[in-house]
Amino acid sequence: MTIYLLHGCNLDMLGRRRQEHYGGITLQMLENEVVRKGRELGMKVRSFQTNHEGDLVEKIHELVDRADGIVINPGAWTHYSYAIRDALEILDAPVAEVHLSDIYAREEWRRRSVISDVCAVTIAGKGLQGYVEALEWLAAEIGSTG
Ligand code: DQA
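Residues numbered from 1 in each chain as written. Predicted model: local features only at pLDDT ≥ 70, side-chain atom pairs only at ≥ 80, totals over all residues. Heavy atoms only, no water.

## So, the overall build of the protein chain
Counted only if it meets this: The way it works is that DSSP assigns letters per residue, a run of H or I at least four long becomes a helix, a run of E at least two long becomes a strand, and they are numbered from the N terminus. Radius of gyration: C-alpha atoms only; globule rule: 2.2 Å multiplied by the number of residues to the exponent 0.38. Residue burial is assigned from relative accessible area. The probe radius is 1.4 Å, only protein chains are included, and a residue is buried under 20% of its type maximum, exposed over 50%, and partly exposed in between. Shrake-Rupley sampling with a 1.4 Å probe provides the accessible areas, and residues are treated as covered by the protein chains on show and by no other component. Note that His is not counted, nor are the chain ends; the positive residues are Lys and Arg, and the negative ones are Asp and Glu. By convention, charge coordinates are those of NZ in Lys, CZ in Arg, CG in Asp, or CD in Glu.
Secondary structure summary: the protein chain contains five helices and five strands in total. The order of helices and strands in the protein chain, counted from the N terminus, is β-α-α-β-α-β-α-β-β-α. Whereas a compact globule of 146 residues would reach a radius of gyration of roughly 15 Å, the protein chain reaches 14 Å, a difference of no more than 12%. Viewed in the frame of its principal axes, the protein chain has a C-alpha envelope of about 40 × 30 × 25 Å. When each of the 146 residues of the protein chain is scored for burial, the buried share is 49%. As displayed, the protein chain has an accessible area near 7,200 Å², and 46% of this comes from carbon and sulfur atoms. Separation between the mean location of the 16 positive side-chain charges and that of the 22 negative ones in the protein chain comes to 6 Å.

## So, the packing of aromatic side chains
Rule in force here: Ring geometry is summarised as follows: Phe, Tyr and Trp rings, the Trp one being its six-membered ring, pair when their centres sit within 6.5 Å, and such pairs are stacked at plane angles under 30 degrees, edge-to-face over 60 and tilted between the two. Note on criteria: charge over ring means Lys NZ or Arg CZ within 6 Å of the ring centre, with the direction from the centre no more than 35 degrees off the ring normal.
Throughout the structure, instances matching the rule amount to zero aromatic pairs. Above the ring of Tyr 22, the side-chain terminus of Arg 17 is found at 4.4 Å from the ring centroid.

## Looking at the nonpolar core
Generally speaking, soluble globular proteins have nonpolar side chains that are buried together. How we decide: Definition of nonpolar core: a set of buried residues of the types Ala, Val, Leu, Ile, Met, Phe, Trp, Tyr and Cys, connected through side-chain atoms within 4.5 Å. Pairs of residues are marked as contacts when any of their non-hydrogen atoms sit within 4.5 Å.
Ranked by internal contacts, the top residues of the largest apolar core, which has 23 residues, are Ile 3, Leu 30, Val 71 and Tyr 131. Broken down by secondary-structure element, the contributors of at least two residues to this core are β1 (2-7), α2 (27-40), β4 (95-99), β5 (121-124) and α5 (128-145). With six residues, the top contributor of residues to this core is α5. If near-sequence neighbours (up to four positions away) are discounted, Tyr 131 is found in contact with Leu 5, His 7, Leu 30, Val 34, Val 71, Asn 73, Val 98 and Leu 100. Counting residues in hydrophobic clusters, the runner-up holds 20 residues, among them Tyr 4, Leu 6, Ile 60 and Leu 88.

## Some points on the site of the ligand
Counted only if it meets this: A cutoff of 4 Å decides nearness: a residue is near a molecule or strand if any of its heavy atoms lies inside that distance of it. Polar contacts here mean pairs of N or O atoms no more than 3.5 Å apart (in protein, one a potential hydrogen donor and the other a potential acceptor; neighbouring residues in sequence count only if both atoms are side-chain atoms). Amino acid classes used here: Ala, Val, Leu, Ile, Met, Phe, Trp, Tyr, Cys and Pro are nonpolar; Asp, Glu, Lys and Arg are charged; the rest, including Gly, are polar.
In the vicinity of the ligand, the residues found are Arg 17, Tyr 22, Asn 73, Gly 75, Ala 76, His 79, His 99, Leu 100, Ser 101, Ile 103 and Arg 110. Between an oxygen atom of the ligand and a main-chain N or O atom of Ala 76, the distance comes to 3.1 Å. One of the backbone N or O atoms of Leu 100 is found 2.8 Å from an oxygen atom in the ligand. Considered on its own, the ligand offers 320 Å² of accessible surface; in the complex 99% of this is hidden by protein. Per-class residue counts for the shell around the ligand are four nonpolar, five polar and two charged.

## Observations regarding the environment of Glu 58
On the secondary structure map, Glu 58 appears in helix α3 (residues 53-62). Exposure remark for Glu 58: the relative accessible area of 53% places this residue in the exposed category. A C-alpha to C-alpha distance of 17 Å links Glu 58 and Thr 78, two positions 20 residues apart in sequence.

## Considering the environment of His 79
Turning to its location among the elements, His 79 is positioned in the loop between β3 (69-73) and α4 (82-90). Residues His 79 and Ile 115, 36 residues apart in the sequence, show an inter-C-alpha distance of 7.9 Å. From its side chain, His 79 meets the backbone oxygen of Arg 112 in a polar contact 2.9 Å long.

## Observations concerning the packing of α3 against α4
Condition: Convention adopted: a line fitted to C-alpha atoms gives each axis, helices being fitted over their contacting stretch, and angles between N-to-C directions are expressed from 0 to 180 degrees. Oblique is the label for every angle not falling under 35 degrees (roughly parallel), over 145 degrees (roughly antiparallel), or within 65 to 115 degrees (roughly perpendicular).
As a packed pair, α3 and α4 sit with axes 9 Å apart at the nearest point and diverge in direction by 5°. It follows that α3 is roughly parallel to α4 by the angle criterion. Residue-level contacts link Glu 53, Leu 56, Val 57, Ile 60 and His 61 of α3 to Ala 83, Ile 84, Ala 87, Leu 88 and Ile 90 of α4. Residues of the contact of α3 with α4, tallied by class, amount to eight nonpolar, one polar and one charged.

No statement about biological role is implied by the geometric values presented.
Encoded structure:
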């Protein structure tokens, strides 16, 4: 089972971003932890991060018929990228949307996700634990649908 962990803009700067929202974890630490948890669940986790919207769209295209599941945190693109939303819609594999911070309890413009309707599950405000829950959710979902 191969899961892709996708991160969008500014998430490469974790560790330097506002601690009250994102904690002190770096992207490398987060990815290592998700890979480790994935291994426990019998999953291979592949990671990708970009600050370029078109690169994320192309990465998602590459994953059509290739990924068994996707965990995505698009960063600020969450709130306005219909291009990423439409790319995700092409995938057959289940998509889990994750946010480190509780986007629903922050600024008005952050409360809306334009990708949620094409994601099977959304987890926000749980930090690293949100990614762990997303993997567990995918393991159960993929396990039950074959
Ligand atoms: C984020 C929330 C977004 O609003 C923000 O732009 C990010 C990170 C999160 O993980 O909480 O870059 O997706």
